[in-house]
Each structure stands twice: as structure tokens, then as C-alpha cells.
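Coordinate inspection notes
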Amino acid sequence: MTKRTAVTSVGLERNNEPSVLILTSLASGDKHGYALTKDIESFAGVTLGPGTLYGAIARLEERGLIAPTASEDRRQPYRITASGQAALTTALQQMRRLADEGDVRLRLRLAKTGRTRNAIIIRTAQ
Amino acid sequence: MRGTNRFERMLRWYPPSWRSNYGEGLVALLEDTYGTGKIPLGARFSIVRAGSIERARETGLMDRAASSLERQRTGSLLVLCGWAGFMLAGTLFAKFTDNWGASSSNADRGLVKVIYGTVQWAGAAGLLLVLVAALMVLPSLNRLARSGAWTSVRRPVLRAVGAGAVILASTAGIALWAHHLSYRDRNGSLVSYGVAVSCWSIAVGVAVAIGTSAAVSITRRLDLSIRKVRSLSSFAMALTFFMAVILAAMVAWWRIEALHAPAFMRNGIGNGFLVTSSSFPPALVVASFIMLLGLAAAITGTVRVVQARRDVGVPLLERPIN
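Residues numbered from 1 in each chain as written. Chains lettered and ligands numbered in written order. Predicted model: local features only at pLDDT ≥ 70, side-chain atom pairs only at ≥ 80, totals over all residues.

1. A look at the overall build of chain A
Helix and strand counts for chain A come out as five helices and two strands. Listed N to C, the secondary structure of chain A is α-α-α-α-β-β-α in terms of helices and strands. In chain A, which comprises 126 residues, the proportion classed as buried is 31%. Residue pairs in contact within chain A that sit at least 24 positions apart in sequence constitute 53% of those at least 6 positions apart. (Helix = DSSP H or I, 4+ residues; strand = E, 2+ residues; numbered from the N terminus. Buried ≥ 20, exposed ≤ 12 C-beta atoms within 10 Å, placed from the backbone. Contact = placed C-beta atoms within 7 Å.)

2. Some words on the confidence of the model for chain B
Per-chain confidence: chain B averages 83 in pLDDT, with 86% of residues scoring 70 or above. Overall fold confidence for the complex sits at a pTM of 0.61, while the interface term, ipTM, reaches 0.75. (pLDDT = per-residue confidence, 0-100.)

3. Quick notes on helix 8 (residues 191-221) of chain B
All names here are of chain B. Over its 31 residues, helix 8 extends 45 Å from the first C-alpha to the last, a length consistent with the 45 Å expected when each residue adds 1.5 Å. All of the buried residues along helix 8 are A207, G211, A214, A215, I218 and T219. Contacts from the buried residues of helix 8 go to helix 4 (68-96), helix 5 (109-147) and helix 6 (150-179). (Expected span 1.5 Å × (residues − 1).)

4. A closer look at the nonpolar core
Counting residues in hydrophobic clusters, the biggest one holds 47 residues, and the most contacted among them are B:W83, B:A89, B:L239, B:M243, B:I246 and B:M250. Residue assignment for this core shows that the elements contributing at least two residues are helix 4, helix 5, helix 6, helix 8, helix 9 (226-260) and helix 11 (282-310) of chain B. Once residues lying within four places of it in the same chain are set aside, the contact partners of B:W83 are B:G126, B:V130, B:L239, B:M243, B:G294 and B:A298. If you look at the next biggest cluster of nonpolar residues, it comprises 32 residues, including A:I57, A:A58, B:A28 and B:I47. (Core = buried A, V, L, I, M, F, W, Y, C linked by C-beta atoms within 7 Å.)

5. Focus: the packing of helix 4 of chain B against helix 11 of chain B
Residues and elements named next belong to chain B. Interaxial distance between helix 4 and helix 11 falls to 7 Å at its minimum, and their mutual angle equals 165°. The angle between helix 4 and helix 11 falls in the class roughly antiparallel. In this structure, helix 4 meets helix 11 at a crossing whose hand is left-handed. The residue inventory of the contact of helix 4 with helix 11, partitioned by class, reads 22 nonpolar, eleven polar and three charged. (Axes fitted to C-alpha atoms, helices over the stretch in contact; angles between N-to-C directions. Parallel < 35°, antiparallel > 145°, perpendicular 65-115°, else oblique. Left-handed = near helix turned anticlockwise from the far one by under 90°. Nonpolar A, V, L, I, M, F, W, Y, C, P; charged D, E, K, R; others polar.)

6. Overview of the environment of B:A133
All names here are of chain B. Assignment of secondary structure puts A133 in helix 5. Exposure remark for A133: the 21 C-beta atoms within 10 Å place this residue in the buried category. Distance from A133 to K228, taken between C-alpha atoms, is 9.3 Å for residues 95 residues apart in sequence. Those residues in contact with A133 that sit more than four places away from it in its chain are L232 and F235.

As C-alpha cells, this is what we get:
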């Protein structure tokens, strides 16, 4: 229950959702739609559809997690706000906790499987 | 320029307010990505899907960012739309079972009567809830009319009044005609009467849709107190329950009578038009399908009301993005 509150408290419920990808991309600097798509493609291997990208942008701006910056042409760049940075930090901490937990459990399982396999090999050799 | 125009045309899927905020940015993205090349089907689908979602959000049907009260109100309106479908399907069921009392069936008559009565009582209870809700919003409607905001709802209201007048006149005409016909003529022998009744049924369906749309337009503009919205949304939840009861009882009645009174089911309205079946009479198939759609809408509305009540006092940032 506490963990769930920690995630929803920043409004980013699913870690693989476009909002997290956009915030991560904007963490390295202001970007417009096309630059965001290309950047996300390069670091996450995910191609966001134009509708999905702008839907997420609208939602993030509505919540004050990103904000538009001045532009000279039709391309509208966005920047991450202080709330956006806090939201991303919390989301990343959550992802890290999950990754660490998964890593520990997987290592335990591999160690157990390894021990069993060794025992079988020893028994067979005897 | 030709390319820009085709990208701008794609924006029509989005509501005007969204277009004015993000339209240019999205067009620029499409230009940068696809230039003069072909827009892939996946990208088109992404735009259509996202645009439809934005439209749904604008009507308040999908927006978790909207206030709790607004979401309770739209959830309740969705239940009302579902109820409109039930009214249509209920009329069809009532017409189908017109002469059911006189039919011969070897089923446990007492049980079937209780089930049939359940449909009627749940229908009456639902109708009563809707009428009480309408009475509750009357003072607010009066205020809306006096405030001059009437012009914003004039068109849907006039359309609903017009549709109501057409239905009244056509119902009187059909009833007058039916009065001079025999039982056989009224039940399939006279093709022209059958066609007229079919057209009238479609007109009733359209009129119910127009009336519901007017009710939704008006209710969205009404200034309702927190207490009133809560009461109305509680009514909506109760209405969903009655709708589920009606559908369950109707299907139970259908199942029993299909087994025990096949002759009655075979002679019901709609049979002989495209198919003849005692197990799946077309009228009951259509009625249950409409009811299923209505119940799905009502359940969606109720879930929205429950979610909105749970979110009362929860800041926007603490709600998940959807």
C-alpha cells in the first residue's frame, strides 16, 4: 500500500509509460516533438506514435510536470519543471527498487538451481 | 504546403480546444517525421485513437484530471444514456409479450409470473428514479433559463421537442390505423402496417437518442450543488442495479418460455421477417443486445462515479495519469 502511494504520488503509475520516457528525455535538455521521438528511440528503443506522444505531452503539461518554452517556429519545445524532476526521481527510485529486488531474487534462484545441478553431477559421478 | 494541409486535416480528430494548444506542434512533428512521404497506418491509427480520447476527455468521460464532482456528473449522464437504451429495448420486450398472459405454457406459471413481474417492477423503479432526478434538477434548469444561458442549449432542446412532436403524431396515426385492423393484420399479415410500425420504431429510437442528447447537454450546463450531484450519482448507481435486474430477469423469462411455450415465442413480433425461431426470437435478440450495450454504458458510468468519489480530496498530482 505504501509502495503504491509512492508511485501514484507523482502521477506516474506505470514505469514504461510514455510520460516517464518523455520526462527522462527532457531531463537532458529542452526538446520539441520530433527531437523527443528520436531521443526516446535511441535510449529506450521505443517509437512513440505521434498521437501517443502528444497525448502524454498534454497530460504532463496539465499536471505541471513539463512546460512549453519560447519557440521561433511551429515546433514547440518543452522543458521539465521542478515538479517534473521530482516526479521522475521518484519514478526512477521505484524502478531501481524493483530492478534490485528482481536481481536479488533471480540470483538466489540461480544459486539454488546451480547447487541442485552440482549435487546431481556429484551423485552421478559417485 | 500540400503536405502541411494533409497533416492539418488529420487534426480534425481532436477537439478544437486541444488543436489550439497543441495542433501546431503536432503538425510540425508530422512534417518533420514524414515530410512529403506516406503516413504509415500505425501513425494514422495513433492520431485517430489519441484524438478520440481527447474528445472523450473533453466531454468529461475519461478525464481523471477533472474535478470529482464533474466526473460524478458525467458518470451519471452515462448511466442515463444506458437507461435510454433500456427504454427502447423495454418497449420492444413489452410489445413482444403483449399477449403473453393468454398464452399456454406448461412451465411453473407462478415462477414465470414472478420473473416477468420483476422485469416490470425493476423497470418502474428505474423510471421513478429518473423522474425524481428530473424533478431535482428542475430548479437549476429554471435558473439556467433565467440566466440567459438558454441560448447554448436551445438547439438540442428544440430538436428534442420536434422529435417528441413527430413521435406523438405518428403514434396517434399508428394507433388509429391499428384500431381498424384485425389481430392477424396487426401481427404480420398486413405488410404495409408492418413496414409502418418498423419505421415508427426506428423513429422512436432516434427520438430517444435526441432526447437523451438534449438531457445530457442541459445537465452538463446546470449549476448543481455538491449534495445534489452526490444524490444524482447515487440514483445513477441504483439505476444501474435495476438495469442489471431487468436484463437478468428478461433473459430468465426468455429461457423458460422458449422451453415451455415455443408456440408463443414463434408467433412473437419480428418472427417470420428474416428468421423464425422459438429459441431466439429476433425481437428478444435485438432487445437483449440493446440492453447489454446500455448496461455496459451504465457500468462504465458507475465505475466512473465510484472512482470520482474515491478521489475526493486527492490532489491532481496524486491521481494516476490516464
